Amino acid sequence: MRDKYEKSVTLRCVTCGDTELKYSEDKSTIVCQRCGREYPGGYDELVTLNQPEIDREVEKLEKEALKYADVELEKFMKEMNRKNR
Ligand SMILES: [Zn+2]
């Protein structure tokens, strides 16, 4: 579950916050198109630097998922009650 969430979060340049990031051909290095900051650790480095934002996003998505689960459960319970009558 968590992995899926992490992939849906847009990675940003931690210096300027832009999302225009250019991957080198072998994807080992990422360069920000706006401020020119280099991330020699590539994707992994950027994920690490973006971790607080990813955590927030995951938390938000999990809350939404819980809310949805509650609604579904309620529907199910209502259905059960009706059948039992
Ligand atoms: Zn930048």
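Described in the following lines is the structure provided in the data block. (Residues numbered from 1 in each chain as written. Predicted model: local features only at pLDDT ≥ 70, side-chain atom pairs only at ≥ 80, totals over all residues. Heavy atoms only, no water.)

One non-glycine residue with positive phi stands out, namely K27, at about 65 degrees. In this fold, K27 is placed in the loop between β1 (21-23) and β2 (30-32). On the accessibility criterion, K27 (56% relative accessible area) is exposed. (Helix = DSSP H or I, 4+ residues; strand = E, 2+ residues; numbered from the N terminus. Buried < 20%, exposed > 50% of the residue type's maximum accessible area, 1.4 Å probe, protein only.)

Considering the arrangement of structural elements, one finds D18 in the loop between α1 (2-8) and β1. On the accessibility criterion, D18 (17% relative accessible area) is buried. From its side chain, D18 meets the backbone nitrogen of E20 in a polar contact 2.9 Å long. When residues no more than four places from it in sequence are discounted, the contact partners of D18 are R12, C13, C32 and R34. (Polar contact = N/O pair within 3.5 Å; in protein donor to acceptor, adjacent residues only side chain to side chain. Contact = heavy atoms within 4.5 Å.)

On to the coordination of the zinc ion, then. Those protein atoms acting as donors to the zinc ion are C13 (SG), C16 (SG), C32 (SG) and C35 (SG), and they sit at 2.3 Å. As a motif over one chain, the donors of the zinc ion read C-x2-C-x15-C-x2-C. (Donors = N, O, S within 2.8 Å, 3.2 Å for Na, K, Ca; no water.)

As a further point, take helix α2 (residues 42-49). Within α2 the residues assigned to the buried category are G42, L46 and V47. The buried residues of α2 occupy an angular sector of 145 degrees when projected down its axis, which confines them to one face. Residues of α2 that are exposed and point over 90 degrees away from its buried face: D44 and T48. Elements in contact with the buried residues of α2: β1, β2, β3 (38-39) and α3 (51-84). (Arc of directions from axis to C-beta.)

The next thing to look at is the pattern of salt bridges. Within the structure shown, the criterion is met by 5 salt bridges. With a closest N to O distance of 3.1 Å, D18 and R34 form a salt bridge. Of this pair, D18 sits in the loop between α1 and β1 while R34 sits in the loop between β2 and β3, placing them 16 residues apart in sequence. (Salt bridge = Lys/Arg side-chain N within 4 Å of Asp/Glu carboxyl O.)

We now examine the nonpolar core. By size, the foremost hydrophobic cluster in this structure holds 11 residues: V9, L11, C13, L21, I30, C32, Y39, L46, V47, I54 and V58. Contributing elements (two or more residues each) for this core: β2, α2 and α3. If we ignore the near neighbours within four places in the chain, the residues touching L21 are L11, R12, C13, I30, V31, C32 and L46. (Core = buried A, V, L, I, M, F, W, Y, C linked by side-chain atoms within 4.5 Å.)

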